[in-house]
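Each chain is listed here by its residues.
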Amino acid sequence: MYNVAVDDVKCEGCEECVNICPQEVFQMSDGKSDPANLSECVFCESCVGVCPSEAISITEI
Ligand code: SF4
Ligand code: SF4
């Protein structure tokens, strides 16, 4: 299982992570990305690559 973390300060709310994630891990909350379904993450790292502000970090737990 992986932990997906979004830095709220860095997040610009562009929704790119929401759109690219094949597992629908992210949802928007108050204009920021919220990794609400992090248990579904398969560590493809697409979100890390697409985020323009390097706000997403993923660690194995
Ligand atoms: S690593 Fe892949 S599956 Fe996991 S949150 Fe990012 S885009 Fe979704
Ligand atoms: S791609 Fe990055 S900046 Fe854009 S909504 Fe997701 S976490 Fe925020």
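As a reminder, the structure under discussion sits directly above these lines.
Residues numbered from 1 in each chain as written. Chains lettered and ligands numbered in written order. Predicted model: local features only at pLDDT ≥ 70, side-chain atom pairs only at ≥ 80, totals over all residues. Heavy atoms only, no water.

Enquirer: Break down the environment of Val50 for me, with residues and values.
Expert: Within the fold, Val50 resides in helix H2 (residues 46-50). We classify Val50 as partly exposed; its relative accessible area is 25%. Those residues in contact with Val50 that sit more than four places away from it in its chain are Glu16, Cys17 and Ile20. (Helix = DSSP H or I, 4+ residues; strand = E, 2+ residues; numbered from the N terminus. Buried < 20%, exposed > 50% of the residue type's maximum accessible area, 1.4 Å probe, protein only. Contact = heavy atoms within 4.5 Å.)

Enquirer: Could you give me a rundown of the site of ligand 1, with the residues and numbers involved?
Expert: Around ligand 1, a shell composed of 13 residues is seen, among which Cys21, Cys41, Cys44, Glu45 and Cys47 lie nearest. Residues of the shell around ligand 1, tallied by class, amount to 10 nonpolar, two polar and one charged. (Near = heavy atom within 4 Å. Nonpolar A, V, L, I, M, F, W, Y, C, P; charged D, E, K, R; others polar.)

Enquirer: How would you explain the nonpolar core if you had to name every residue and give the values?
Expert: Val4, Val25, Phe26, Cys47, Ile56 and Ile58 are the most contacted members of the largest nonpolar core, which has 14 residues in total. Of all the elements in the fold, those that place two or more residues in this core are strand E1 (2-6) and strand E4 (56-60). For this core, the element with the highest residue contribution is E1, accounting for three residues. For Val25, the residues in contact, after removing those within four places along its chain, are Val4, Asp34, Pro35, Ala36, Asn37, Leu38, Glu40 and Cys41. (Core = buried A, V, L, I, M, F, W, Y, C linked by side-chain atoms within 4.5 Å.)

Enquirer: If you had to explain the environment of Cys51 to someone new, which residues and values would you point to?
Expert: Tracing the backbone shows Cys51 in the loop between H2 and E4. For Cys51, a relative accessible area of 16% gives the class buried. Once the C-alpha coordinates of Cys51 and Asn37 are considered, the two residues, 14 residues apart in sequence, prove to be 18 Å apart.

Enquirer: If you had to explain the site of ligand 2 to someone new, which residues and values would you point to?
Expert: Residues in close proximity to ligand 2 total 13 residues, the closest being Cys11, Cys14, Glu15, Cys17 and Cys51. Looking at the shell around ligand 2 residue by residue, the classes come out as seven nonpolar, three polar and three charged.

Enquirer: Hey, could you go over the side chain of Ser33 for me, with residue numbers and the actual values?
Expert: Turning to its location among the elements, Ser33 is positioned in strand E3 (residues 32-34). Contacts of Ser33, omitting those with residues within four sequence positions, involve Val6, Asp8, Cys11, Cys17, Phe26, Gln27 and Met28.

It is worth stressing that arrangement in space is one thing and function is another; only the former is reported here.
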